[in-house]
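# An overview of the molecular structure
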Amino acid sequence: MDLYSTYSLNRVVVPRLRTMPKLFLTLFPEMVQSDKEEILYDVTKTKRPGVTPFVHPMAKGKVIEGAGYSTKSLKPAYLKDIRAHTPHQNLKRRAGEALGGSLTQEQRMMAAIASDLQDQRDLFNNRLEVMAAEAVIYGTQTIKGQGFDAVVDFQRSAASKTVLAGTAKWNDANITIDTMFGQLEDWAEDMRDRVGQTPGFVLLDPEAWKLLRAKLLASDKGGAKYLDKQNRGFDRISVDLTPSLAGEMGLQAKGSFGDIPIFTFQSEYVDPEDGQVKKVMPANTVLMIARSRLEGVRHFGAIQSMDQNENFVLNAMENFASSWTERNPAVRLLQLESAPLMVPYYPDAVQTITVA
């Protein structure tokens, strides 16, 4: 059996190291794989609920206009990660190998291939998380790389994006906790009017949480009355004011506002375009998400490759691993390919607020 065949490579599993938490990717549970280069997806517009009209039993029925949707077509950008392995690398002891060396050159090559393949898949899943986060937070997806520079617009309504200004900002010295919670109530009500559902949870980046927490603790800003943990009414909040050190990069429960859970989240990644460390959630951001209404779908366009007879084929796959050798210079190449697009079918099921 060829240990470097596509069949073998696409089933390699090795121990995982720390990776980005995949919070936003969980909002895109469905997967659609296409054998075409283009991806077709629908953007659905919602309208306020109505009721069936009254008519005389002998009269014609009344035509009711549907909410409608638009179908978009996009040839997604290609993801392609290539790693090179040279004979010289196999002469060196690997990390964790016994001093003096205990592995053969072939064993070291296979260990290096397995390690790189897992790293490729980790980076691939990190890319999907960043794409999902952009679609949720901004209602757009920026696709920028070699030979590709585009923004995919999912047509979120202007009402789903809010930027606070002046004395309404959470870092204003005079803003009270009553005003801040009033804003949360208004945004939740706006979402209910817009998409027919209140948010399932509220997500704050750590900076936005610090502003909210500071007002709750400020004796002159009226925060004390909201900290009644025995009262779960609409005008009360149950909040854990003890900073959590567990899972600093992941989701942390902070309490609830009425019956809406409050969480904080932040994650980081290195952008391959400029080598800079970037945060997934912008500073001072609050997200209200109607999870069941978002209908996030992971779309994957066809992967362009060759079969064993070197004929071009289009594969409907999430990602595709392959390996081949070149003789001059002597090198084995490992490649992982994909053509993804994260699509929120109801993009208005998110309210994005910049609070400072």
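Residues numbered from 1 in each chain as written. Predicted model: local features only at pLDDT ≥ 70, side-chain atom pairs only at ≥ 80, totals over all residues. Heavy atoms only, no water.

## Some points on the packing of aromatic side chains
The test is simple: Centre distance within 6.5 Å is the pairing criterion for rings of Phe, Tyr and Trp, where only the six-membered ring of Trp is used; planes under 30 degrees apart are then read as stacked, over 60 as edge-to-face, and the remainder as tilted. In DSSP terms, a helix is any run of H or I states spanning at least four residues, a strand is any run of E spanning at least two, and both are numbered starting from the N terminus. A simple rule labels every residue: compare its accessible area, found with a 1.4 Å probe on the protein chains alone, to the largest value its type can have, and call it buried under 20%, exposed over 50%, or partly exposed in between.
For the coordinates displayed, the defined rule picks out 3 aromatic pairs. Plain terms: the ring middles of F24 and F265 are 5.8 Å apart, the flat faces sit at 80° to each other, and that makes the pair edge-to-face. Within this pair, whereas F24 is found in the loop between α1 (6–9) and β1 (30–33), its partner F265 is found in the loop between β11 (260–264) and β12 (268–270), the two being separated by 241 residues in sequence. A relative accessible area of 1% means that F265 is categorised as buried. With centroids separated by 6.2 Å and ring planes inclined at 80°, the aromatic side chains of F201 and F263 adopt a geometry described as edge-to-face. Of the two residues, F201 is situated in strand β8 (residues 201–204) and F263 in strand β11; the sequence distance between them amounts to 62 residues.

## Focus: the sheet that holds β1
Definition in use: A pair of strands counts as paired when DSSP detects no fewer than two bridges linking them. Axis definition: a line fitted to C-alpha atoms, over the contacting stretch in the case of helices. Angles run 0 to 180 degrees between N-to-C directions. Contact criterion: two residues are considered in contact whenever any of their non-hydrogen atoms come within 4.5 Å of each other.
On the basis of which strands lie adjacent, the open sheet formed by 3 strands has the order β1-β15-β20 and mixed pairing. Here the strands that pair on one side only, and so sit at the sheet edges, are β1 and β20 (340–344). Each strand of the sheet is rotated relative to its neighbour by a mean of 25°, with strand direction disregarded. Across 5 bridges, the pairing between strand β15 (residues 296–300) and β20 is antiparallel. Within β20, the residue paired with F300 across the bridge is P340. Packing against the sheet, helix α2 (residues 105–138) makes contact with β15 and β20, and its axis sits at approximately 30° to β20.

## Comments concerning the side chain of R332
Definition in use: Whenever a nitrogen or oxygen atom comes within 3.5 Å of another N or O atom, the pair is scored as a polar contact, on the condition that within protein one atom can donate a hydrogen and the other can accept it, and that pairs from neighbouring residues in sequence are kept only if both atoms are in side chains.
Its place among the elements puts R332 in strand β19 (residues 330–338). For R332, a relative accessible area of 16% puts it in the buried group. A distance of 2.9 Å separates the side chain of R332 from the side chain of S323, its partner in a polar contact.

## Thoughts on the sheet that holds strand β4 (residues 79–85)
In space, the 3 strands of this open sheet follow the order β4-β19-β18, with antiparallel pairing throughout. A strand with exactly one partner marks an edge of an open sheet, and here the two such strands are β4 and β18 (320–327). Across the sheet, the mean angle separating the axes of adjacent strands is 20° when strand polarity is ignored. Examined bridge by bridge, β18 and β19 share 8 bridges and lie antiparallel to one another. Bridge assignment links F320 to a residue of β19, and that residue is E337. Across the face of the sheet, α2 comes into contact with β4, β18 and β19 while running at roughly 160° to β4.

## Concerning the environment of I137
Inspection of the secondary structure assignment puts I137 in helix α2. A C-alpha to C-alpha distance of 7.8 Å links I137 and M281, two positions 144 residues apart in sequence. Not counting residues within four places of it along the chain, the set of residues in contact with I137 comprises F24, R156, V280, M281, P282, L287 and T352.

## Looking at the pattern of salt bridges
To keep things clear, this is the line we draw: A carboxyl oxygen of Asp or Glu within 4 Å of a side-chain nitrogen of Lys or Arg is what we treat as a salt bridge.
Applying the stated rule across the entire model yields 10 salt bridges. Between D271 and K278 there is a salt bridge, with the nearest N and O atoms lying 2.8 Å from each other. Overall, the relative accessible area of 13% leaves D271 in the buried class. Taking the shortest distance from any N to any O, the salt bridge between D274 and K278 comes out at 3.0 Å. Classification of K278 by relative accessible area gives partly exposed; the value is 28%. One continuous salt-bridge network, built from bridges that share partners, spans D81, R83, D116 and D119.

## Section: α2
One turn of the α-helix equals 3.6 residues, which is why residues spaced by three or four share an orientation. The condition is simple: Expected helix span is taken as 1.5 Å per residue step, with the number of steps being one fewer than the number of residues.
Helix length check: α2 (34 residues) gives 49 Å between terminal C-alpha atoms against 50 Å at 1.5 Å per residue, within 8%. Where α2 terminates, the next one or two residues include G139, which has phi positive at roughly 75°.

## Let's talk about the packing of helix α3 (residues 177–195) against helix α4 (residues 206–217)
Condition: Roughly parallel refers to an angle under 35 degrees, roughly antiparallel to one over 145, roughly perpendicular to one between 65 and 115, and oblique to any angle outside these ranges. Each residue receives one of three labels: charged for Asp, Glu, Lys and Arg, nonpolar for Ala, Val, Leu, Ile, Met, Phe, Trp, Tyr, Cys and Pro, and polar for the others, Gly being one of them.
Between α3 and α4, the least distance of the axes is 9 Å, while the angle of their chain directions is 135°. One finds that α3 runs oblique with respect to α4. The segment α3 lies against α4, with I177, M180 and F181 engaging L211, L212, K215 and L216. Class assignment of the residues belonging to the contact of α3 with α4 gives a composition of 6 nonpolar, no polar and 1 charged.

## Some thoughts on the environment of K144
With respect to the helices and strands, the residue K144 is situated in strand β5 (residues 140–145). Take K144: its relative accessible area is 51%, and that puts it in the exposed class. Residues K144 and A77, 67 residues apart in the sequence, show an inter-C-alpha distance of 8.4 Å. Discounting chain neighbours no more than four positions away, the residues touching K144 are D149 and E273.

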